[in-house]
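Chain residues, written in single-letter form:
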Amino acid sequence: GGIITQTPKFLIGQEGQKLTLKCQQNFNHDTMYWYRQDSGKGLRLIYYSITENDLQKGDLSEGYDASREKKSSFSLTVTSAQKNEMAVFLCASSIAAGDTEVFFGKGTRLTVV
Amino acid sequence: AQSVTQPDARVTVSEGASLQLRCKYSYSGTPYLFWYVQYPRQGLQLLLKYYSGDPVVQGVNGFEAEFSKSNSSFHLRKASVHWSDSAVYFCVLSVTGNTGKLIFGLGTTLQVQP
């Protein structure tokens, strides 16, 4: 089996700061995803990538950038952290995009002070 | 538009009791449906999936779900719950032919009382 590793596990930032979240997977999956999880709002897709150097916007891409420079890694940047923002960012991967099982990391918890 | 509705935000049952978590979806095409579970401070783990065929699918840890096209539903069931089943359960829709987007319900928090 494989694993998805997200770093850091906890991230505290200041308002206006640019923050980067990292994700590594050793499944050798082609597709990777970033989701944001807010209490009471379920999961919302920020960005996904179907192969190395590919980027596709999700429903919540505004305020974020992403980078897929290697097949195994997918990073997400919060371009300007919003005050009092609290959310969990989940990285995920799958063999291909669409109808296959998606595997999730344990998340990065963001708090903006 | 595609959507997933989990009408119960929170469900509390006693250990050993049976369980049903409800899920309704909205999609005109052929749905691919999943149930994921999230334990505290963990990522999501797949419980089971439905692509086609037998409408009753078996998953891990004694969970099963039944797909109903006529009711646009995919309810999750378990005959006898254990305290360790306490978690958040998400019903998820994958749209046929879509390039990667999963549509999540808001989740149902299950609390199993001893």
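Higher on the page you've got the structure.
Keep in mind that this is a model prediction, so the values were computed, not measured. Each chain carries its own residue numbering, running from 1 in the written order of its sequence. Key to labels: chains lettered from A, ligands numbered from 1, both in the order written. Note on the predicted model: pLDDT of at least 70 is required for a residue's local features to be given, and 80 or more for side-chain atom pairs to be given and counted; whole-chain, interface and lining totals, by contrast, use all residues. With hydrogens and water stripped out, all remaining heavy atoms of the structure feed into the side-chain values.

Looking only at helices and strands, one finds zero helices and eleven strands in chain A. Counted from the first residue to the last, chain A has its helices and strands arranged as β-β-β-β-β-β-β-β-β-β-β. Computed over C-alpha atoms, the radius of gyration of chain A comes to 13 Å, within 12% of the 13 Å expected from 2.2 N^0.38 for 113 residues, which places it in the range of a compact globule. With the C-alpha coordinates of chain A rotated into their principal frame, the extents come out at 35 × 25 × 25 Å. Working definition: helices are DSSP H or I runs of at least four residues, strands are E runs of at least two. Numbering for both runs from the N terminus. Taken over C-alpha atoms, the radius of gyration is set against a globule rule of 2.2 Å times the number of residues to the power 0.38.

Between two residues, a contact is recorded if the distance between any of their heavy atoms is within 4.5 Å. Listed as interface residues are 24 residues of chain B and, on the opposing side, 22 residues of chain A. Summed over both partners, the accessible area (1.4 Å probe) lost when two parts come together is defined as the buried area. Between chain B and chain A lies a buried interface of about 1800 Å² when both sides are counted; carbon and sulfur atoms form 52% of it. Within this document, salt bridges are pairs made up of a side-chain nitrogen of Lys or Arg and a carboxyl oxygen of Asp or Glu, the two lying within 4 Å of each other. On inspection of chain B and its partner chain A, the count reaches zero salt bridges. Throughout this description, a polar contact denotes any pair of N or O atoms lying within 3.5 Å of each other; where both atoms belong to protein, one of them has to be capable of donating a hydrogen while the other can accept it, and for residues adjacent in sequence the pair is counted only when both atoms sit in side chains. The tally of links between chain B and chain A comes to two residue pairs in polar contact (both at pLDDT 80 or more). Counting residues per element, the ones that place at least two in the side of chain B that touches chain A are strand E5 (31-38), strand E6 (44-50), strand E10 (87-95) and strand E11 (102-104) of chain B. Here the element with the most residues in the side of chain B that touches chain A is E5 of chain B; it accounts for four residues. Classes in brief: Ala, Val, Leu, Ile, Met, Phe, Trp, Tyr, Cys and Pro nonpolar; Asp, Glu, Lys and Arg charged; the others, Gly included, polar. Of the residues that constitute the side of chain B that touches chain A, the class distribution is eleven nonpolar, ten polar and three charged.

Residues and elements named next belong to chain A. Counting rule for disulfides: a pair of cysteine sulfur atoms within 2.5 Å. By the definition in use, this model includes two disulfides over all chains. Shown here is the disulfide that connects Cys23 with Cys91, its sulfur atoms set 1.9 Å apart. Taking the sign of the S-S torsion, -75 degrees for the link of Cys23 and Cys91, the bridge is left-handed. In this pair, Cys23 is assigned in strand E3 (residues 19-25) and Cys91 in strand E9 (residues 86-94), connecting sequence segments 68 residues apart. Relative accessibility under 20% of the residue-type maximum defines a buried residue, over 50% an exposed one, and the middle range a partly exposed one, all with a 1.4 Å probe and only protein chains included. For Cys91, a relative accessible area of 0% translates into the label buried.

Turning to the packing of aromatic side chains, a few remarks are in order. When two rings of Phe, Tyr or Trp (its six-membered ring) have centres within 6.5 Å they constitute a pair, described as stacked for plane angles under 30 degrees, edge-to-face for angles over 60, and tilted for the intermediate range. Going through the model one piece at a time under the given rule, you end up with 16 aromatic pairs over all chains. On the basis of an interplanar angle of 40 degrees and a centroid distance of 6.2 Å, the ring pair of Phe34 of chain B and Tyr36 of chain B is categorised as tilted. Of the residues examined, Tyr36 of chain B reaches a relative accessible area of 0% and is grouped as buried. Aromatic ring contacts, followed pair by pair, group Tyr33, Tyr35, Tyr48 and Phe104 of chain A together with Tyr32, Phe34, Tyr36, Tyr51, Phe90 and Phe104 of chain B into a single cluster.

On a regular strand, each side chain points to the face opposite its neighbour's, so the side chains alternate between the two faces of the sheet. All names here are of chain A. Taking burial as the measure, the eight residues of strand E5 (residues 42-49) include seven buried ones, the bulk of the element. When DSSP locates at least two bridges between a pair of strands, those strands are taken to pair. The pairing of strand E4 (residues 31-38) with E5 spans seven bridges and is classified as antiparallel. Its bridge partner being in E5, Trp34 is matched across the sheet by Tyr47. When E5 meets strand E6 (residues 56-57), the two strands line up antiparallel, connected through two bridges.

Turning our eyes to something else, we now look at the environment of Ser14 of chain B. All names here are of chain B. The residue Ser14 is located in strand E2 (residues 10-14) in this model. In this structure Ser14 comes out as partly exposed when scored by relative accessible area, which is 41%. In this structure the C-alpha to C-alpha distance between Ser14 and Val112, which are 98 residues apart in sequence, comes to 5.4 Å. Apart from residues no more than four positions distant in its own chain, Ser14 is found in contact with Val81, Val112 and Gln113.

What follows deals with the sheet that holds strand E8 (residues 73-78) of chain A. Residues and elements named next belong to chain A. One open sheet holds the four strands; their spatial order is E1-E3-E8-E7, and the pairing between them is antiparallel. Only two strands of the sheet have a single partner each, and these edge strands are strand E1 (4-7) and strand E7 (64-70). Direction aside, neighbouring strands of the sheet carry axes that sit 15 degrees apart on average. Pairing analysis gives four bridges linking E3 to E8, with the strands arranged antiparallel. The partner of Leu19 across the bridge, within E8, is Val78. Angles here are taken between N-to-C directions and fall from 0 to 180 degrees, while the axes themselves are lines fitted to C-alpha atoms, restricted in helices to the stretch in contact.

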